[in-house]
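Listed below, chain by chain, are the residues.
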Amino acid sequence: MYGEFENKIDDFYIMGGQSWSLATLFKKGMDTRSEQIPLVIDAQYVPGFTWTRNTGIRIVKGFHNHEYHIGLSLENPQSVWGGTIYTPSEEKITYNNSGGQVENVSTTYSDDVAPDIILKGSADPKFGHFEAFGIGRFIHDRVSYIGTGKSHTKFAGGGGGGMVIPVVKKYFDFQASGLAGYGIGRYGTTNLPDATTNIHGSPALLPEAQVLIGLIGHPYKSVDIYAYGGMENILSRSSYNVNGTPYGYGNIGYNVSGCQIENAPSAMACNANIRRVSQGTIGFWWRYFQGDYGTLSFGAQFSHTDVAGFSGYGGTPHTDDNMAFLSLRYLPFQ
């Protein structure tokens, strides 16, 4: 749920509550509920799609007869951690806490010190929609000793952009979007980690890039056809060793000898860290009935997903999967 105050004359609005992140690609301008969401059946969408659904507050102002917009948002700073964390026996590292009381007990909550900050600008000339944005984040952890402790905060973030171009107006659209930076994994569909820790217990930000390309066709008013290709990639390892034991993310010493063997013995472990997730998918929606009582639609989709891990002791883990989806939906008010 979210609330919005809008002044249409001055092309200005303030929004607060849970909605799509300002980092999400828009179709036109920056109006809420005008995001360019992939048409796929699975609501985890496509690797490379930059988005979150979270709480925040946003201010957007338009200029020059609604052609240009600039927006600023403060959003929930939940961070994702990965790898093996080194913790000496006399220390404790805290980077998130389990829910309880009024919070969801089945998840964890980051102890980041400030909201994520997103600044975006967009332009809508006659030949398409274009946007660019930047993200600033404050990844935090605390190392506790007996009777004392020390907090660490690392500034993370990156930059990205996107476009939606009507190649054939009303019939065929092209879209592309991407984001690159340090500690930005949470803003991707696959939720690759933002950070691990270094040997001193402070956050070690992971460099990552994500990209999505899409083609959307509308051959008939009742039919949408789509094809997407996307990838999310952690660009380099962040690892170290303590007394011969590997730690961090993507450590070359991790035992991955059992990753390609079904029901492998315990000696052949699979301690793989994901390096890259990519996917290609195609599908369609057919709204075969539209009347006073709503719409009935049928959808089908096929996707191929490829997952690669960082190499370690015993090889380089890799797997892929093909998936087919069918969906029958009733939309009562459309």
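Anything mentioned here points back to the structure above.
Residues numbered from 1 in each chain as written. Predicted model: local features only at pLDDT ≥ 70, side-chain atom pairs only at ≥ 80, totals over all residues. Heavy atoms only, no water.

K.L.:
What exactly am I supposed to notice about the overall build of the protein chain here?
P.N.:
A count of helices and strands for the protein chain gives zero helices and 20 strands. Its C-alpha atoms give the protein chain principal-axis dimensions of roughly 65 × 45 × 40 Å. When each of the 334 residues of the protein chain is scored for burial, the buried share is 46%. The contacts of the protein chain with a sequence gap of at least 6 include a subset with a gap of at least 24, amounting to 62%. When the accessible surface of the protein chain is summed, it comes to about 17100 Å², and 58% of that surface belongs to carbon and sulfur atoms. Here the protein chain contributes 23 positive and 28 negative side-chain charges, whose respective centroids are spaced 4 Å apart. (Helix = DSSP H or I, 4+ residues; strand = E, 2+ residues; numbered from the N terminus. Buried < 20%, exposed > 50% of the residue type's maximum accessible area, 1.4 Å probe, protein only. Contact = heavy atoms within 4.5 Å. Areas by Shrake-Rupley, 256 points an atom, 1.4 Å probe, with all protein chains shown as cover. Lys, Arg positive; Asp, Glu negative; His and termini not counted. Charge placed at Lys NZ, Arg CZ, Asp CG, Glu CD.)

K.L.:
What should I look at first to understand a nonpolar patch on the surface in this one?
P.N.:
Taken together, the side chains of Phe5, Ile14, Ile57, Ile59, Phe63, Tyr68, Ile70, Leu72, Leu74, Ile117 and Leu119 make up a nonpolar region of the molecular surface, amounting to roughly 960 Å² of accessible area. For the nonpolar patch, the elements supplying multiple residues, two or more each, are β3 (53-63), β4 (68-75) and β8 (116-123). You can see Leu119 is positioned in strand β8. Given the relative accessible area of 46%, Leu119 is considered partly exposed. (Patch = residues over 30% accessible without salt bridge, like charges linked within 9 Å, V, L, I, M, F, W, Y side chains within 5 Å. Salt bridge = Lys/Arg side-chain N within 4 Å of Asp/Glu carboxyl O.)

K.L.:
What exactly am I supposed to notice about the packing of aromatic side chains here?
P.N.:
Both the distance between ring centres and the angle between the ring planes are used here to describe each pair of aromatic rings. Scanning the model with the defined rule gives 14 aromatic pairs in all. Relative to Tyr228, the ring of Tyr226 has its centre 5.6 Å away and its plane inclined at 35°; by these criteria the two rings are tilted. Owing to a relative accessible area of 4%, Tyr228 belongs among the buried residues under this scheme. Sitting over the face of the ring of Trp20, Arg53 holds its NZ or CZ atom 5.0 Å from the ring centroid. The positively charged end of Arg186 is found above the aromatic ring belonging to Tyr187, 5.8 Å away from the centroid. (Phe/Tyr/Trp six-rings, centres within 6.5 Å; stacked < 30°, edge-to-face > 60°. Lys NZ or Arg CZ within 6 Å of the ring centre and 35° of its normal.)

K.L.:
Which parts of the structure should I look at to understand unusual backbone geometry?
P.N.:
What is expected of a backbone is that most residues other than glycine have negative phi and most peptide bonds are trans. A positive phi angle is found at Arg33, which is not glycine, with a value near 70°. Here Arg33 is to be found in the loop between β2 (12-20) and β3. On the basis of relative accessible area, Arg33 is assigned to the exposed category, the value being 64%.

K.L.:
Sorry, what's going on with the side chain of Ser110 here?
P.N.:
Tracing the backbone shows Ser110 in strand β7 (residues 108-110). In terms of polar contacts, Ser110 uses its side chain to reach the backbone amide nitrogen of Ser79, at 2.7 Å. Beyond its immediate stretch of four places on either side in the chain, Ser110 contacts Pro77, Gln78, Ser79, Tyr95 and Asn96. (Polar contact = N/O pair within 3.5 Å; in protein donor to acceptor, adjacent residues only side chain to side chain.)

K.L.:
Which parts of the structure should I look at to understand the pairing of strand β19 (residues 294-309)?
P.N.:
Side-chain positions along a regular strand alternate between the two faces of the sheet. As paired strands, strand β18 (residues 274-291) and β19 are joined by 16 bridges and run antiparallel to one another. Looking at the pairing, Gly280 lines up with His304 of β19. The turn linking β18 back onto β19 is made up of two residues. (Pairing = 2+ DSSP bridges.)

K.L.:
Which parts of the structure should I look at to understand the pattern of salt bridges?
P.N.:
When the charged atoms of two side chains with opposite charge come close together, those side chains can pair. Going through the model one piece at a time under the given rule, you end up with five salt bridges. Here Arg137 makes a salt bridge to Asp194, at a shortest N to O gap of 3.1 Å. In this pair, Arg137 is assigned in strand β9 (residues 129-145) and Asp194 in the loop between β11 (172-182) and β12 (195-197), connecting sequence segments 57 residues apart. Residues joined in a network through salt bridges with shared partners are Asp116, Arg137 and Asp194.

K.L.:
What should I look at first to understand the side chain of Ser122 in this one?
P.N.:
Tracing the backbone through its elements, the reader meets Ser122 in strand β8. Residues in contact with Ser122, not counting those within four places in the same chain, are Gly29, Met30, Glu67, Tyr68, His69, His129, Phe130 and Glu131.

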